Amino acid sequence: MSLNNLALSLQDRFHQRGTLSDLDEAILLDRAALLLRPPGHSDRASSLSDLANGLRAKFRQRGALSDLDEAIELDRAALLLRPPGDRSASLNNLAVSLRDRFEQRGSSSDLDEAIELHRVALLLRLPGHSDRASSLNNLALSLQDRFHQRGTLSDVDEAIELHRAALLLRPPGHSDRASSLSNIALSLQDRFHQYGALSDLDEAVELNRAALLLCPPGHSNRSKYLNNLAISLRDRFEQRGSSSDLDEAIELHRAALILHPPGHYDRASSLSNLANGLQDRFRKRGILSDLDETIKLDRTALLLCPPGHSNRSMSLNNLAVSLRDRFEQRGFSSDIDEVIELHRAALILRPCGHSDRSLSLSNLAIGLHDRFEQRSSPSDLDDAIELHRAALLLRPPGHSYRSSSLDALSYSLRSRFKQRNVMSDLDESFMLYSELPHVSNAPSRSDLNAAKSWVSSAEQLNHGSALVAYQTALKFLDRHVALLSSSSRHFDIFKEATSSLATDAFSCCVRCGALTTAVELVEQGRAVFWTHLARFRTPLDELSLSGDTGAAFAEEFRRLSFLLRNTFDQSTEDQSPQIRQLTMQWDDVVSRIRSVLPDFSRFLLPPLFSDLQEAAEEGPVIIVNASQYSCDALIIFGTQDPVHIPLHITQSEVLELSSEFQSLAEEFGSSNHQDDLVSILRNLWDCIVDPVVQALRESKVEPGSRIWWCPTAEFTLLPLHAAGPYEKKRDNLSHIYISSYTPTLAILIRARRQGSVDATTQHFVAVGQANPVRGKKLRCVAPELAVVARRLSPLVSFTSLEDSDATVQGALNALRHNQWLHLACHGMPNRKQSFKSSFAMGDGDLMITDIIQSHWQNPEFAFLSACHTTVGDEMSPDESIHLAAAMQFSGFRSVIGSMWSVDDEVARQVVSAFYGNLVDSSGRLDCTRAAVALHKALKSLRKKKIPLEQQIVFIHIGV
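Values in this document were obtained by computation on a predicted structure and should not be read as measured data.

A. View of the sheet that holds strand 9 (residues 827-828). With antiparallel pairing, three strands are arranged side by side in an open sheet as 9-10-11. At either end of the open sheet lies a strand with only one pairing partner, and these are strand 9 and strand 11 (845-847). Pairing of strand 10 (residues 838-840) with strand 11 involves three bridges; the strand directions are antiparallel. Across the sheet, Phe839 pairs through a bridge with Leu846, a residue of strand 11.

Here it is, written out as structure tokens:
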């Protein structure tokens, strides 16, 4: 008894501190105790079990299978000695040991026996039994194992329910609560991979975080929970593409590997997991050192998984996948041959019914297709197609990888069509894609990527399904980004998802003669970030005025939008339980608004052309589109069909022109560049603007009328408003029409619908910062603000903030109480990270993120007398993430901004002339007069000796 008690205490200390010498001593003591309890002794069964427990723990630390085999024999012997009513502990122990051996050797008989033993043990541990939670947990784990081996979905569903039942029996403070949290997470991830429900994955991440918090450094299970959280984050990265999820996963895997030194039985798994994370990052960022480290880790892991090891098929697969990545980078034939052999070996270990069989089929098919493309062996391509067909059969509708399988099979069939010209292959290829529009679940990144492949293939082969492909891809895009939080940290995902989709869709529609559809699709796929953010700021006046039901809906929508937006702003996680719950409620109220109120059946849906046409009520809007397939202009009128103008310029030529202009703009102010600038403006006139002007004249748009430019892609960086022949006796655009800009039609419509607030007093604030915390001193800020004050003080409630008062918080506070703004300071654009573009204040930077998170009351007009306020992200110009757009999105109906550097003295002159023209006949400010007022102010500069670039630097955006 003394030997036994000391051994038990040492085992407890080992489980607390992980000191292996304690475990070794406990085993020696248990052996000694067993010798003193020969067959027939009343406590022999207990000694057999205690020694088995110690040997099982030793195996888990050192991986010696002889320890595990002995433990199983001891557990069997103990079970034989237990009376019928006292068997549950021995049943459980033997089942746990058999499950451990299954994980090492993959014997189905071990696993089946373990499950049956756990079921019998659970029957003996009725509700209220102290070990019931343990039995629920252990049975669930064994069912998960069987699901992994055979793919039986009922096993994973039952496992989740058993784990949830166990968690209820392990409340906060229970020593095994972390284990239950983690086990539910793992089973939810398994189900996610089968059903594709993102809610399962989001819950798994939250549960894994909760488990890790319960295991601080030094805890014996910390490595396991580090690994589990990392895996769930990687899964979510694969679905949503968030870099922060991936970087965090890699760091967690590195931390876990340190806790699994050579000889540790989990080292192979840790090596593989870290390799997988590095491989994901290589694919995202292209860092070759990540790929080299991945291959090295995968080879080391495979050596630790010899034939018969339960993880061998996964290690074979992982090494093959990383070698294929290297083959794509360097083209080594030896790599692709090894890839195929590794995948064949993995497939043999994943027979029919195995949950990963479809993955091995697909991966082997991809490897064969790669070798076909390198060596043109027809048999490789034929084999690849048959393997893809087999994989697709194992991925029915709703499976998270079905769209990937459809895409891969379609690609292989097109390859065979190109080689052999068999039309049935081409027909089948596009028939497979025709399933995509009917995806019923929330589209994943895989769905969106498959739709993009459809688009690309249809364009390449001039297939008639191209337009449907674009519509499908944009629908997926809309739903995909709706799953993301409206935060700047997700902008890289918006950029990756959108790319040139909308502008290419526009071109496709124009080529098909579907002009109104062109407008709808380009509107749907541009400025996606602003559009998504508008979900939480949609004007609800009409809804509020549509009766008691509408008013109640509007109030509920406002409340949920406010809660959801604030939760997004405060949360470091995009899908916390609180956010998931709020999102479900938000979706529900939107659905009820659409179904209950007939006039709101398209509430928050992408607008139809009949709605978008409202943008042209006060003058034509010209969409100027650059696509790899064509460049076009489309004039939208308020009451007639759009007019198409083909532009005789290619996208590459527009890009070259834009690059030339951006380089020139960086030199403005340092020397005389007028001749170069005039050359570019003439080019703009000849290739783009003059054909539009001719069409406007043919449509009876009178000279002096207002027009709105809505440029896309590379056109957004060009000064279309300043184009002209620049010759005597010939008019430039500014002599013919008054130009404004709008990022999208919807933003212009919203500004029009807002209308001016009929307040007795108009509140105007002028903010000037001549001595910013960074940047050179501005000499004309004080004189400029004096001009504004002199013009407006008699007419409005005027406030001025200068120098020490012009702080970040001071400016934000002033904007909460004023509808009119004049801002004179440094504009600080950031072309790489556009959300860091800012206005320089006395104590720091007033950033775009500060602006869009503010909630201002009925803002009307903003004059941004600062440099570069319309300069956005150079890699994603269609998202219009710049200072002027941020002001407009925040509610300012009319905004004046600058396209490049502004001369202080010129700004003062423009401001003086501008405000003199902004006042209407009644002596009040009218923001709808801003474009005309700017037009007149700039016209007055032409009579003075002011460089051309300063005459055209300011532009008007909005009403």
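B. Representation of unusual backbone geometry within the structure. Even without being glycine, Tyr726 reaches a positive phi, approximately 50°. Mapped onto the elements, Tyr726 comes out in the loop between strand 4 (706-711) and helix 33 (733-736). Phi at Asp803 takes a positive value of approximately 50°, unusual for a residue other than glycine. Counting through the fold element by element, Asp803 comes out in the loop between strand 7 (797-802) and helix 36 (808-815).

C. The arrangement of the packing of helix 19 (residues 402-420) against helix 21 (residues 445-460) in detail. Viewed as axis vectors pointing N to C, helix 19 and helix 21 meet at an angle of 20°, and their least axial separation amounts to 8 Å. Judged on the interaxial angle alone, helix 21 and helix 19 are roughly parallel. With respect to the hand of their crossing, helix 19 and helix 21 are arranged in left-handed fashion. Seen from helix 19, the contacting residues are Ser403, Ser404, Asp407, Arg414 and Lys418; seen from helix 21, they are Ser446, Asp447, Asn449, Ala450, Ser453, Ser457 and Gln460. Of the residues belonging to the contact of helix 19 with helix 21, the class tally is one nonpolar, seven polar and four charged.

D. Quick look at the pattern of salt bridges. Tallied over the full model, the rule gives 52 salt bridges. The partner of Glu386 in a salt bridge is Arg389, and the shortest N-O contact between them spans 3.6 Å. Taken together, the residues span about one helical turn, with Glu386 and Arg389 both in helix 18 (residues 378-393) at a distance of three residues. The exposure class assigned to Glu386 is partly exposed, which follows from its relative accessible area of 45%.

E. Quick peek at a positive patch on the surface. A cluster of basic residues, Arg929, Lys936, Lys939, Arg942 and Lys943, forms a positive patch at the surface. With respect to the helices and strands, Lys936 occurs in helix 40 (residues 930-941). Residue classification places Lys936 among the partly exposed residues on the basis of a relative accessible area of 44%.

F. Fine view of the pairing of strand 6 (residues 763-768). In terms of residue burial, strand 6 counts as a mostly covered element, since five of its six residues are buried. When strand 6 meets strand 7, the two strands line up parallel, connected through six bridges. Residue pairing across strands places His763 opposite Ser797, the latter belonging to strand 7. Remark: the strand 6/helix 35 (residues 781-792)/strand 7 crossover connection has right-handed handedness. Two elements, strand 6 and strand 8 (residues 820-824), share five bridges in a ladder whose sense is parallel. Each bridged residue has a counterpart across the sheet, and for Val765 the counterpart in strand 8 is Leu821.

G. Representation of a negative patch on the surface. Taken together, the side chains of Glu653, Glu656, Glu660, Asp675 and Asp676 present a region of like negative charge at the surface. Mapped onto the negative patch, the elements with two or more residues apiece are helix 31 (651-665) and helix 32 (674-698). Ranked by residue count, the leading element in the negative patch is helix 31, at three residues. Summarising the element assignment, Asp675 is placed in helix 32.

H. View of the packing of aromatic side chains. Within this structure, the stated rule accounts for 13 aromatic pairs. Judged by centre distance (5.9 Å) and plane angle (10°), the ring pair of Tyr433 and Trp454 falls under stacked. Here Tyr433, found in helix 20 (residues 423-433), pairs with Trp454, found in helix 21; they are 21 residues apart in sequence, far enough to count as distant. Neither residue differs from the other here; Tyr433 and Trp454 are each classed as buried. Their ring planes at 45° and their centres at 5.9 Å tell us that Trp820 and Phe861 sit as a pair that is tilted.

I. View of the state of the cysteines. Counted by the stated rule, this structure contains zero disulfides. In this structure Cys825 is not part of a disulfide, and its nearest cysteine sulfur, from Cys867, lies 9.1 Å away. You can call Cys825 buried: its relative accessible area is 5%. Free cysteine Cys927: the closest other cysteine sulfur is in Cys710, separated by 19 Å.

J. Spotlight on helix 13 (residues 267-285). Spanning 19 residues, helix 13 covers 27 Å between terminal C-alpha atoms, matching the ideal 27 Å at 1.5 Å per step. With 15 of 19 residues buried, helix 13 lies mostly within the body of the structure. Count one or two residues on from helix 13 and you reach Gly286, which has phi positive near 75°.

K. Representation of the confidence of the model for the protein chain within the structure. Overall, the predicted model of the protein chain reaches an average pLDDT of 87, with 90% of residues at or above 70. Throughout residues 485-490 the model reports pLDDT below 50, and contacts reaching past four residues in sequence, or to other chains, amount to 22 contacts. Low pLDDT, under 50, characterises residues 568-577; the stretch is placed with 30 contacts to residues that sit more than four places away or in other chains.

L. Focus on the nonpolar core. In this structure, Trp709, Phe839, Phe914 and Tyr915 are the most contacted members of the largest nonpolar core, which totals 168 residues. Ranked by residues supplied to this core, first place goes to helix 32 with 13 residues. Tyr915 has contacts with Phe764, Val788, Arg791, Leu792, Leu821, His822, Phe861 and Phe863, leaving out every residue within four places of it along the chain. By size, the runner-up hydrophobic cluster in this structure holds 21 residues, among which are Leu167, Ala178, Leu207 and Ala211.

M. Quick look at the packing of helix 13 against helix 14 (residues 288-303). Across the interface, helix 13 lies against helix 14 with an axial gap of 8 Å and an inter-helix angle of 155°. Of the possible angle classes, the one that applies to helix 13 and helix 14 is roughly antiparallel. In the packing of helix 13 onto helix 14, the handedness of the crossing is left-handed. Facing Ala268, Leu271, Ser272, Leu274, Ala275, Leu278, Gln279, Arg281 and Phe282 of helix 13, the residues of helix 14 in contact are Leu288, Asp290, Leu291, Glu293, Thr294, Leu297, Asp298, Thr300 and Ala301.

N. Expanded view of the side chain of Asn732. Considering the arrangement of structural elements, one finds Asn732 in the loop between strand 4 and helix 33. Assessed through its relative accessible area of 8%, Asn732 is described here as buried.

O. Region of the structure containing the environment of Leu918. Along the chain, the position of Leu918 falls in helix 39 (residues 904-918). Expressed as a C-alpha distance, the spacing of Leu918 and Ala114, which sit 804 residues apart in the sequence, is 83 Å. If sequence neighbours within four positions are ignored, Leu918 has contacts with Trp820, Arg924, Leu925, Asp926, Arg929, Ala930 and Ala933.

P. Quick look at helix 18. The first and last C-alpha atoms of helix 18 sit 23 Å apart over 16 residues, in line with the 22 Å expected at 1.5 Å per residue. Those residues of helix 18 that sit buried are Asp380, Leu381, Ala384, Ile385, Leu387, His388, Ala391 and Leu392.

What counts and how
Residues numbered from 1 in each chain as written. Predicted model: local features only at pLDDT ≥ 70, side-chain atom pairs only at ≥ 80, totals over all residues. Heavy atoms only, no water. Pairing = 2+ DSSP bridges. Helix = DSSP H or I, 4+ residues; strand = E, 2+ residues; numbered from the N terminus. Axes fitted to C-alpha atoms, helices over the stretch in contact; angles between N-to-C directions. Parallel < 35°, antiparallel > 145°, perpendicular 65-115°, else oblique. Left-handed = near helix turned anticlockwise from the far one by under 90°. Contact = heavy atoms within 4.5 Å. Nonpolar A, V, L, I, M, F, W, Y, C, P; charged D, E, K, R; others polar. Salt bridge = Lys/Arg side-chain N within 4 Å of Asp/Glu carboxyl O. Buried < 20%, exposed > 50% of the residue type's maximum accessible area, 1.4 Å probe, protein only. Patch = residues over 30% accessible without salt bridge, like charges linked within 9 Å, V, L, I, M, F, W, Y side chains within 5 Å. Areas by Shrake-Rupley, 256 points an atom, 1.4 Å probe, with all protein chains shown as cover. Lys, Arg positive; Asp, Glu negative; His and termini not counted. Charge placed at Lys NZ, Arg CZ, Asp CG, Glu CD. Right-handed = clockwise from strand over helix to strand, strands pointing away. Phe/Tyr/Trp six-rings, centres within 6.5 Å; stacked < 30°, edge-to-face > 60°. Disulfide = S-S within 2.5 Å. Expected span 1.5 Å × (residues − 1). pLDDT = per-residue confidence, 0-100. Core = buried A, V, L, I, M, F, W, Y, C linked by side-chain atoms within 4.5 Å.

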